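# Observations on the model geometry
So the chains spell out like this:
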Amino acid sequence: MRNKRQRRFKLGVIIVFSCLWIWGAFVGWRNLNVNHNTTSKADTSQSTKLKKITIGYQKGDILEITKVHGNLDADMKEKGYRIVWRSFQSGAALLQALATGNLDFGRTGNTPPITSQAAGTDVVYVGAGYSKYNGSGILIPNSSSMTSVKDLAGKSIAVNKGSSAHYLLVRALESVGLSIDDVKLVYLDPSAARIAFTQGKVDAWAIWDPYTADAQINADAKLLVSGKNYTTDRDFILSTRAFTNKHADLTSTVVDGVAIALDWANDNKSELSNQLQKSLKLDKEVTDLTVSRRTYGVSKLSQKIIQEQQEIADLWYRLGYIDKKIDVDKNVVGD
Amino acid sequence: MKKKITWQRLLPMLIPILVLAVWQLLSVLKVIPTNILPAPSAVILDGIKLTQNGELTRNLTISLYRATIGFLIGGSIGFVLGLLNGLSRISNLLTDSSIQMFRNIPHLALIPMVILWFGIGESAKIFLVTIGVMFPIYINTLHGIQSVDPGLIEMGRVYQLNKRQLFSKIIFPGALPSILVGVRYALGVMWTTLIVAETIAADSGIGFMAMNAEDFMDMETIVLCIVIYAILGKLSDVIVKYLEEFLLDWQQTD
C-alpha cells in the first residue's frame, strides 16, 4: 500500500519535472525564433527578396556603433540586402568564422589579420580605423616605483598572446634596447589578466581600452606609457577575397556606412558613452574615459597604413609567431 | 523512527547551507573583498534583476532548448550504437574501437572543425552537445547488455523464448540499470558541453551569459551562472534518480 503511494508520488514528480523541462525547451526554441523573426519580418513586409549579409562584431567596437546607429542597415536595404549582425567573444573566433565563409564582414584589431594571412586564409582588408593608441598601453599599479619602460627589465608582464597589446609591448621594449627575453611574459586573456594584475601577481599589464580605462578608474592603475610612438593600434574592417570579388560595390557601402556612423559618434560622445555603457556593462566613468581619448573614423587603406601592418608582420615573423614572411599589400582590397 | 528519517533527509542540505552562511558572514564582515567574491545576497539580487528584465529566463530557456535537442539526438545515437554493439559481435568489432578513439577528443579541440562543418548557427552548438551526450550512453548501454547474467539468458532459452522475447524480457531489463546510469552521467556532460558550445558566436544562452560576464568582470553574474549550472545539474540528476527508482523497483528485494 505504502509502496504504491510512493510509486505514484515518484511518477508524479517525474511527469511534473519532464513537463516543465519540455515547456522550458519549447519556450527557448520560440525565443530563438522570435529573435530571427523580428529582424526578418520587418524586412519581408517591405521588400520580399532581400539578400543576406552577415557582419561580425565585438562588443563596443566600431561595427557595433554602426549597428546601433542603424544607417548601414538602411543603406543596404536600398541596395537589396539585409544585414545579420553576429557578436563574437574574440577576434580569433571572428576571423575563423570569416575565413570559413560564415561571415561576409568583420572587425578585429591589427594583429589577427596578420596571423590569418600567414595561415593562408583569403581574408582581406577593406577598411582601417583611425589610430587609438591613447587608450592602449602598459599599466602598472599606482604604487609602483617604475617610471620608464627601462624599469620593466626582469618584471613580469601580463599580455594577451598575439594581440595588438603584445605588439605594443614588444615595440616599447625594443625602443629602449630590451627584448622580450629580458622580461617575464605571462600570457593571459584580458579577464584573467585583470585579476592577476589587481591581485599583484604580475607587475605590469599591456592592454587596450576599455580594460585600460577600467583598471585606471577601478583598480588603482596608471599608464607607464601609452601606445603613442610605438603603435597606431588601428581597427580593421575585413572581408574575404571570394566575397569582395563578387560584390566590390558593397565593400565601399560598408566602409562609407561605418564612416558616417563614426562621424556621428565623434559629434555625440556623451550619448555614445551611454550606449557603450549599456552594451559593455561598465561604469559610466570608464566609458567616458574610453570615448574621450579616441577619435573615431574609418578610411580605405593608405600606403602608410599598409606599411604599418607590414611592420607588424615582419616583427611577428622575426619572433617566430608566424612561420612565413607575408606581403600585406597582397591582401588589401581597394578601388 | 519517523523523526530519524526527516533528520536524515535534511543532512545533504547541511553543507551547502553552512557554506552559504559562512560565505555571507565573511562578505558582510568584509573578510572577502566583493570584487573577488560577491556576497550570496548580491548574487541573489543580481538573479532577481536579470529575471525581471527577462534576460535570465530568455538565456535559460534557450540553453534548455539546445541541451534537450542535443540530448535527444546524441542519446538516441548512443543508445542504438550500444544496442548494436552489445548484440552483434561483428558490429562491435567494426565500430567500437573507432568510437573509443573519437570519445576522448576534447570538445574545445573540435571547435575549429565544428565551425568549418556546421557554421556558427544553432546546429554547431547542438552538434557539440550531441557528441558529448552520445558516449556515456553508448558505453553504459553496451556495458549493461554485456553484463546481463548469462544464466538468465540460458534460462530464457530453456523456456523457449524467441529472440524478441529474450530481448524485451531479459536483456533489456537487465541492461536498464546500467543504461540509466549512463543517462544520469550524460545529463551532467550535457550541461558542461553546452558551456563550451555557447562560446561559438553565441548571443544567447547561459554559457554566453557567463562568458560575457567574465569578459567584463561582472562577478555577480559569473557566480550566478555557476549556481545555475549547479542547480540544473542537480535537478536533472533528481529526475533520473526518480526515474531509476520508478523503473527499477522490481530490483528491490525487501
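Quick caveat, the model's predicted, so the values are computed rather than measured. (Residues numbered from 1 in each chain as written. Chains lettered and ligands numbered in written order. Predicted model: local features only at pLDDT ≥ 70, side-chain atom pairs only at ≥ 80, totals over all residues. Heavy atoms only, no water.)

### Observations concerning the overall build of chain A
In terms of helices and strands, chain A carries 13 helices and eleven strands. Taken over the C-alpha atoms alone, chain A extends approximately 85 × 60 × 45 Å along its principal axes. Here chain A, with 335 residues, has 51% of them falling under the buried criterion. Look at the contacts in chain A between residues 6 or more apart in sequence, and 79% of them connect residues 24 or more apart. Surface exposure of chain A reaches about 15,500 Å², of which carbon and sulfur atoms provide 50%. When the 43 basic and 34 acidic side-chain charges of chain A are each reduced to a single mean position, those positions are 13 Å apart. (Helix = DSSP H or I, 4+ residues; strand = E, 2+ residues; numbered from the N terminus. Buried < 20%, exposed > 50% of the residue type's maximum accessible area, 1.4 Å probe, protein only. Contact = heavy atoms within 4.5 Å. Areas by Shrake-Rupley, 256 points an atom, 1.4 Å probe, with all protein chains shown as cover. Lys, Arg positive; Asp, Glu negative; His and termini not counted. Charge placed at Lys NZ, Arg CZ, Asp CG, Glu CD.)

### Some points on the nonpolar core
Counting residues in hydrophobic clusters, the biggest one holds 77 residues, and the most contacted among them are Ile114(A), Ile138(A), Leu152(A) and Trp205(A). If we skip the residues at most four places from it in the chain, Leu152(A) touches Ile138(A), Met146(A), Ile157(A), Leu173(A), Val183(A), Ala204(A) and Leu224(A). (Core = buried A, V, L, I, M, F, W, Y, C linked by side-chain atoms within 4.5 Å.)

### Overview of the environment of Leu83(B)
Among the structural elements, Leu83(B) can be located in helix 3 (residues 55-87). C-alpha separation for the pair Leu83(B) and Phe246(B), spaced 163 residues apart in sequence, amounts to 23 Å.

### Focus on the pairing of strand 3 (residues 105-108) of chain A
All names here are of chain A. Judged by which residues are buried, strand 3 turns out to be covered on both faces: Phe105 and Arg107 on one side and Gly106 and Thr108 on the other are all buried. Sheet analysis places strand 1 (residues 51-58) next to strand 3, joined by two bridges and oriented parallel. Across the sheet, Ile55 pairs through a bridge with Phe105, a residue of strand 3. Pairing of strand 3 with strand 10 (residues 236-240) involves three bridges; the strand directions are antiparallel. For Gly106, the partnering residue across the bridge sits in strand 10 and is Leu238. (Pairing = 2+ DSSP bridges.)

### Some details on the packing of aromatic side chains
Residue and element names in this part refer to chain A. Scanning the entire structure with this criterion turns up 14 aromatic pairs over all chains. Taking 5.2 Å as the distance between ring centres and 80° as the angle between the ring planes, the aromatic pair formed by Phe105 and Phe243 counts as edge-to-face. With Phe105 in strand 3 and Phe243 in helix 9 (residues 241-246), this pair connects stretches of sequence that are 138 residues apart. Taking the relative accessible area as the measure of exposure, Phe105 reaches 0% and is therefore buried. Taking relative accessible area as the criterion, Phe243 reaches 10% and is therefore assigned buried. Arranged with centres 6.0 Å apart and planes meeting at 75°, the rings of Tyr167 and Trp316 form a pair that is edge-to-face. Within this pair, whereas Tyr167 is found in helix 6 (residues 164-175), its partner Trp316 is found in helix 13 (residues 303-318), the two being separated by 149 residues in sequence. Taken individually, Tyr167 and Trp316 each receive the classification buried, so the pair is uniform in this respect. Aromatic ring contacts, followed pair by pair, group Tyr167, Trp316 and Tyr321 into a single cluster. Seen from the ring of Tyr187, Lys161 lies directly overhead, with NZ or CZ sitting 5.1 Å from the centre. (Phe/Tyr/Trp six-rings, centres within 6.5 Å; stacked < 30°, edge-to-face > 60°. Lys NZ or Arg CZ within 6 Å of the ring centre and 35° of its normal.)

### A look at the UniProt feature "transmembrane region" (unreviewed entry) in chain A
Here the UniProt-annotated "transmembrane region" (unreviewed entry) positions come out as residues 12-29 of chain A. End C-alpha to end C-alpha, residues 12-29 of chain A measures 26 Å, and it is 100% helix and 0% strand. (UniProt positions renumbered as here; feature names shortened; annotations may be inferred.)

### So, the UniProt feature "transmembrane region" (unreviewed entry) in chain B
Residues and elements named next belong to chain B. Those places that UniProt annotates as "transmembrane region" (unreviewed entry) correspond, in this numbering, to residues 12-32, 64-84, 104-120, 126-145, 166-183 and 222-243. Within the segment residues 12-32, helix and strand shares are 81% and 0% respectively, and the terminal C-alpha atoms sit 26 Å apart. The distance separating the terminal C-alpha atoms of residues 222-243 is 32 Å; by composition the span is 100% helix and 0% strand.

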